[in-house]
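A closer look at the structure
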Amino acid sequence: MSDITEQDLFVEEKLKASGLAYTLVRHPPFIESIPFYIGGNAMETGVHVPAGAGKAGYASRDDLAEAHAIVLSQDGHEYKTYSLYGDPAVSFADVAQILSDVSGKRVPFVSGSDHDYIAHLVAAGLPEQAARFALVWVQGINAGEWGGTAGDLEKLLGRKPMTAAEFLRANHAALQA
């Protein structure tokens with residue numbers, strides 16, 4: 001379990017023990033962060049990440065904001081916990097396949113070491129500290145920390161949320177820079 005998840009669980013435990021009314025809303029990494037995680041020019045150089053096959057149920061910022069607004073503006077959410085995972089969850093190998101399908105050409109999936117990952121992001125123009133930050137999130141994704149059960153997000157929205165494939169289809173041109 002990454003430090004990110006451990007910190008979240010610590011806060012949840014303290015909140016539940018406080019005696020205050022609460023609603024917990026967990027969410028996965030933002031779908032808009034996929035380009036950050038896979039580095040620059042993914043359409044040409046491939047999806048570069050450290051080894052791991054975990055999946056994340058990414059969700060868009062807009063869908064998450066709408067779900068949060070619903071929870072905050074409507075009664076009946078006290079003492080509930082929502083996990084706002086998108087569906088389907090995807091691995092980085094899945095991202096490479098989606099980009100291949102979208103572009104009509106093979107986008108390789110390149111699994112390497114943590115050191116290789118940081119070097120790839122730095123070569124793409126990211127400061128090393130930001131690359132190390134991305135690494136922690138990618139390690140969590142690869143460990144399956146955000147591959148939970150979907151359903152709460154769709155239920156709150158009353159519609160299907162944006163999928164990773166839809167996001168990548170709409171934004172693949174940006175992954176060429």
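Position numbers for residues start from 1 in each chain and track the written sequence from start to end. In keeping with the predicted nature of the model, local features appear solely for residues at pLDDT of at least 70, side-chain atom pairs appear and are counted solely at 80 or more, and the whole-chain, interface and lining totals rest on all residues. Heavy atoms throughout the structure, all of them, feed into the side-chain values; hydrogens and water do not.

Between two packed helices, the angle of one axis relative to the other and the distance separating the axes together describe the packing. Every axis corresponds to a line fitted to the C-alpha atoms, with the helix fit spanning only the stretch in contact, and the corresponding angles, defined between N-to-C directions, vary from 0 to 180 degrees. Runs of H or I in DSSP of at least four residues are treated as helices and runs of E of at least two as strands, each being numbered from the N terminus. Contact pair helix α6 (residues 114-123) / helix α7 (residues 128-142): the axes reach a minimum separation of 9 Å and the direction vectors enclose 130 degrees. The angle between the axes of α6 and α7 places the two elements in the oblique class. The chirality of how α6 crosses α7 is right-handed. Of the residues in α7, those touching α6 at Asp114, Tyr117, Ile118, Leu121 and Val122 are Glu128, Ala131, Arg132, Ala134, Leu135, Val138 and Gln139. Three classes are used, and their members are as follows: Ala, Val, Leu, Ile, Met, Phe, Trp, Tyr, Cys and Pro are nonpolar, Asp, Glu, Lys and Arg are charged, and the others, Gly among them, are polar. Residue composition of the contact of α6 with α7, by class: eight nonpolar, one polar and three charged. An angle counts as roughly parallel when it lies under 35 degrees, as roughly antiparallel when it exceeds 145, as roughly perpendicular when it falls between 65 and 115, and as oblique in every other case. Crossing handedness is defined as follows: a turn of the near helix away from the far one that is anticlockwise and smaller than a right angle gives a left-handed crossing, while the clockwise case is right-handed. Contact definition: two residues touch when any of their heavy atoms are within 4.5 Å.

Formed by 31 residues in total, the largest nonpolar core has its most connected members in Ile38, Val47, Tyr58, Phe92 and Leu99. Every element with two or more residues in this core is listed here: α2 (34-38), α3 (42-45), β2 (47-50), α5 (92-103), α6, α7 and α9 (164-171). Those residues in contact with phenylalanine 92, other than ones at most four positions away along the chain, are Tyr37, Ile38, Val47, Val49, Tyr58, Phe109, Val138, Ile141 and Asn142. Ranked by size, the runner-up nonpolar core spans ten residues in total, among them Leu64, Val71, Tyr82 and Leu157. In this description, a nonpolar core means a group of buried Ala, Val, Leu, Ile, Met, Phe, Trp, Tyr and Cys residues linked to one another through side-chain atoms lying within 4.5 Å. Think of it in three bands: with a 1.4 Å probe and only protein chains considered, a residue is buried below 20% of the maximum accessible area for its type, exposed above 50%, and partly exposed in between.

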